[in-house]
Number of protein chains: 2
Amino acid sequence: MMRFSTLIRHPAEWMIGGTVDNAVVLTSRIRLARNLRKIPFPGWATAAQRREAMDLMLPVIQELRPMKDAFAQSLSGLTAVQKQVLVERHLISREHAARTEGSAAVIERRQTLSIMVNEEDHLRMQSIRPGLHLRVAYDALNEVDDALQEQLPFAFDRKLGFLTTCPTNLGTGMRASAMLHLPALVLSNQIGQVLNAIARLGLAVRGLYGEGTESLGNLYQISNQSTLGESEPQIIEQLERVISQVAMHEANARLKLLEDEPIMLHDKMGRSFGVLKHAWLMDSKEALNHLSVVRLGACLGFFPKETVRLCDTLLMEIQPAHLQLHCGQKLSPEQRDERRAQIMRLHLQNVTSPVTVISDHNHHPLSDSNPSPEP
Amino acid sequence: MMRFSTLIRHPAEWMIGGTVDNAVVLTSRIRLARNLRKIPFPGWATAAQRREAMDLMLPVIQELRPMKDAFAQSLSGLTAVQKQVLVERHLISREHAARTEGSAAVIERRQTLSIMVNEEDHLRMQSIRPGLHLRVAYDALNEVDDALQEQLPFAFDRKLGFLTTCPTNLGTGMRASAMLHLPALVLSNQIGQVLNAIARLGLAVRGLYGEGTESLGNLYQISNQSTLGESEPQIIEQLERVISQVAMHEANARLKLLEDEPIMLHDKMGRSFGVLKHAWLMDSKEALNHLSVVRLGACLGFFPKETVRLCDTLLMEIQPAHLQLHCGQKLSPEQRDERRAQIMRLHLQNVTSPVTVISDHNHHPLSDSNPSPEP
């Protein structure tokens, strides 16, 4: 079985696989909720019943073709920091991390597929892909779901569909979502309008870590709300259409900012870059916000294109549990701020911003020491 | 006669001549106020009387040995921007810049000696030196004063000494001052205490541009208040003693900060450096404050030593009139902010901060792409 350190040593494939052309949409994610027949939902089950459900499901999950050599672990076997790392990497939920006895996580090597056992439902399966590829993510997960259904008795009602702990998941049991980076819509004060329009379409908008979390780093998660009355492909198709439109709005807002307020934009990008490159103390919130601006700058060609990927990776790596895991020890918030700034300096040291050109030809006295071709 | 552009092309000698060892005290300045007998003080004189005084004094001043080939100009012959440049360079006072008819300025080539004709008094002479060298500055000015006295009938009273427009200058007519950079006393919250102690000794503390100006960039001007009852050498000796003590307090505060809060200090220095190096818009106040912190960093060896001199020069060059003069046109505040940021980026582009070393030996996943000697 894969060790935790082996799993986590590399970034998830969806963290780094995106193309820069489609850099507005970071990731596409599908989640399916399933429950076993005849065993109470995890919230109502006794410890023995939860263990019974786990013992029934785990061997079947581990036999799945994509789960060969996967990381599989009872949550009681993980430290608090390890569980928090999985949360930061979106591989398990915050709620799941709080569980112990009878709960487990199975995570495929490339981290594109992960399954939580005894979260709110008996099974929560997730598939993530870089960019806007909800259908690809769905197809991969659907295959897993089909394979599991052949061997596990899922609670299913002809009329209602899949039964779930929370009625909002009833039916398909599916939540489809994408993570979008919308800095230009925020900078040009259009974000409120866009989010309202999304809400009116019956979709949900959340922050970086899902329900109830703040939007940090101009990152927004857009997902379907309804799981009843429509088929999975219909839901996905509608969501992809809306997300494409939002991404186009963001792309337009970027070009318009660049055209209308280039200096303001360069100033913002330069300042965030300068602070990330040279600060010695930085909290998560500040780091996410500066990374967001530098990521925008990289998308606009102000920094080398590969900086987009670097920002996406750093976004993950500078979070509290990741910092402590790599450091091999518990760190106080101040120590984390110091370490976070170190990592930023280290990884940005070879990134450069474009050469500064003073556009007019007036002679400047400080240039006296430099030979100049001007008269 | 020297042209304005020739005068201003180079930084003043006192702006760049200081040694880094004594970087707390930027400059030492002596000013003497003198008036002619029988002609009313400028504030009470008619335009004709002011011209009469000027016509009497100017030829004598221009004959002084150090004033051969000096810049000499009636203020009515200077543009608003040119006058403001002289104010920013501390060569004439703000009050003098507001005068026109019958007022003039004579400024020696190296800008260490300047004489205002018909400011508040008929003559205001000034000598500036880099570092803490009040006595040297005084001796140079005293020589000029002696030479002028041989040819001009100064208003002098046996009991009161030199007569001046403002009674606070009566007696010696001398104001001795030094400009100090006290960032560590500010950062460690000791500045209030130190300024109070200075005030109790009967000395005055002011901001960058003298009376009634704010302290920007942690720069403080300390000067004598009393001009009666003591000889010039006594006043200077006392002032130099106090200034030496303040400079020592600052030096100690720097070392203590470096010892007690190295990360906070590095963070401050790094952030100011990063912002100066990468911003595209910056107002004067922000620029002065960041330059102050970078200057501290250079004194402490965080940046190359020559950065101290660069900061001192930039301090002057990024001010509104200097910017407009070099640009050859009037600039709006927004244009100045843009130009100021350009100049900062240009001159800091080759300055580097020390290499970042992550102190522990844990392997970091982002380093995977770099070959590493570690296992």
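We now turn to the structure provided with this report. Here, residues in each chain are numbered from 1, in the same order as that chain's written sequence. Here the convention is simple: chains get letters from A, ligands get numbers from 1, in the order in which they are written. Local features in a predicted model are, by the rule used here, given only for residues with pLDDT of at least 70; side-chain atom pairs are given and counted only at 80 or more, and totals for whole chains, interfaces and linings are based on all residues. With hydrogens and water set aside, each side-chain value is computed from the structure's full complement of heavy atoms.

Quick word on the packing of aromatic side chains
Then, number 1: Two aromatic rings, drawn from Phe, Tyr or Trp (for Trp, its six-membered ring), form a pair once their centres lie within 6.5 Å of each other, and the interplanar angle then sorts them: stacked below 30 degrees, edge-to-face above 60, tilted otherwise. For the structure shown, the criterion picks out 12 aromatic pairs over all chains.
Then, number 2: Their ring planes at 70 degrees and their centres at 4.8 Å tell us that Phe156(A) and Phe162(A) sit as a pair that is edge-to-face.
Then, number 3: In this structure Phe162(A) comes out as buried when scored by relative accessible area, which is 8%.
Then, number 4: An aromatic cluster of three or more residues is present, and its members are Phe273(A), Phe302(A), Phe303(A) and Trp280(B).
Then, number 5: To sit over a ring, a charge needs its Lys NZ or Arg CZ within 6 Å of the ring centre and within 35 degrees of the ring normal. Its guanidinium or amino end placed over the ring of Trp280(A), Arg345(A) lies 3.8 Å from that ring's centre, counting from NZ or CZ. When a residue's accessible area, from a 1.4 Å probe over protein chains only, is under 20% of the maximum for its type it is buried; when over 50% it is exposed; and in between it is partly exposed.

With respect to the sheet that holds strand β10 (residues 219-224) of chain A
Paired through backbone hydrogen bonds, the strands of a sheet run either parallel or antiparallel to each other.
Residues and elements named next belong to chain A.
Then, number 1: Criterion used throughout: strands pair if DSSP finds at least two bridges between them. Numbered from the N terminus, helices here are DSSP runs of H or I no shorter than four residues, and strands are runs of E no shorter than two. What the 8 strands build is an open sheet, ordered β2-β3-β4-β5-β1-β8-β10-β9; its pairing is antiparallel. Each of the sheet's edge strands pairs with one partner strand only, and the pair in question is β2 (71-74) and β9 (203-206). Strand-to-strand twist in this sheet, taken as the mean axis angle between neighbours without regard to direction, amounts to 15 degrees.
Then, number 2: Bridge count for strand β8 (residues 174-181) against β10 is 5 bridges, and the pairing is antiparallel. Bridge pairing links Ser177 to Ser223 in β10.
Then, number 3: The criterion used for residue contact is that any of the two residues' heavy atoms lie within 4.5 Å. To get an axis, fit a line to the C-alpha atoms, keeping to the stretch in contact for a helix; angles then go from 0 to 180 degrees between the N-to-C directions. Each of β2, β3 (104-107), β4 (113-117) and β5 (123-130) touches helix α3 (residues 47-63); the most contacted strand, β4, lies at about 165 degrees to it.

Digging into the sheet that holds strand β4 (residues 113-117) of chain B
Residues and elements named next belong to chain B.
Then, number 1: One open sheet accounts for 8 strands, arranged β2-β3-β4-β5-β1-β8-β10-β9; its pairing is antiparallel. On the outer flanks of this sheet lie β2 (71-74) and β9 (203-206), each paired with one strand and no other. Put simply, the sheet's adjacent strands are angled 15 degrees from each other on average, direction ignored.
Then, number 2: In terms of strand pairing, strand β3 (residues 104-107) meets β4 through 4 bridges, oriented antiparallel. When the bridges of β4 are listed, Ala104 appears paired with Val117.
Then, number 3: Where helix α6 (residues 134-151) meets the sheet, its contacts fall on β1 (25-34), β4, β5 (123-130) and β8 (174-181), and the angle it forms with β5 comes to roughly 150 degrees.

Focus: the state of the cysteines
Residue and element names in this part refer to chain B.
Then, number 1: Cysteine sulfur atoms are paired as a disulfide whenever they come within 2.5 Å of each other. By the definition in use, this model includes 0 disulfides over all chains.
Then, number 2: The closest cysteine sulfur to the non-disulfide-bonded Cys299 is located on Cys311, 8.4 Å from its own sulfur.
Then, number 3: Under the relative-accessibility criterion, Cys299 is labelled buried at 15%.

Points about unusual backbone geometry
Among all residues except glycine, the phi angle is most often negative; among peptide bonds, the trans geometry is most common.
Residues and elements named next belong to chain B.
Then, number 1: Located in the positive-phi region is Asp69, a residue other than glycine, with phi close to 65 degrees.
Then, number 2: By the secondary structure assignment, Asp69 is in the loop between α3 (47-63) and β2.
Then, number 3: In this structure, His90 is a non-glycine residue whose phi angle is positive, near 65 degrees.
Then, number 4: Turning to its location among the elements, His90 is positioned in the loop between α4 (80-88) and α5 (94-97).
Then, number 5: Classification of His90 as buried rests on a relative accessible area of 11%.

Thoughts on helix α14 (residues 333-348) of chain A
All names here are of chain A.
Then, number 1: Multiplying one less than the number of residues by 1.5 Å gives the expected span of a helix. The end-to-end C-alpha distance of α14, which contains 16 residues, comes to 22 Å, matching closely the 22 Å that a straight helix rising 1.5 Å per residue would cover.
Then, number 2: Buried within α14 we find Arg336, Arg339, Arg340, Ala341, Gln342, Ile343, Met344, Arg345, His347 and Leu348.
Then, number 3: Buried-residue contacts for α14 involve α10 (262-278), α11 (284-299), α12 (307-317) and α13 (320-327).

Let's talk about the nonpolar core
Then, number 1: To define a nonpolar core, start from buried Ala, Val, Leu, Ile, Met, Phe, Trp, Tyr and Cys residues and group those joined through side-chain atoms within 4.5 Å. One finds Ile61(A), Leu148(A), Ile61(B) and Leu148(B) to be the most contacted residues of the largest nonpolar core, which totals 180 residues.
Then, number 2: Once residues within four sequence positions are removed from consideration, Leu148(A) is found in contact with Val60(A), Ile61(A), Leu64(A), Leu123(A), Met125(A) and Phe154(A).

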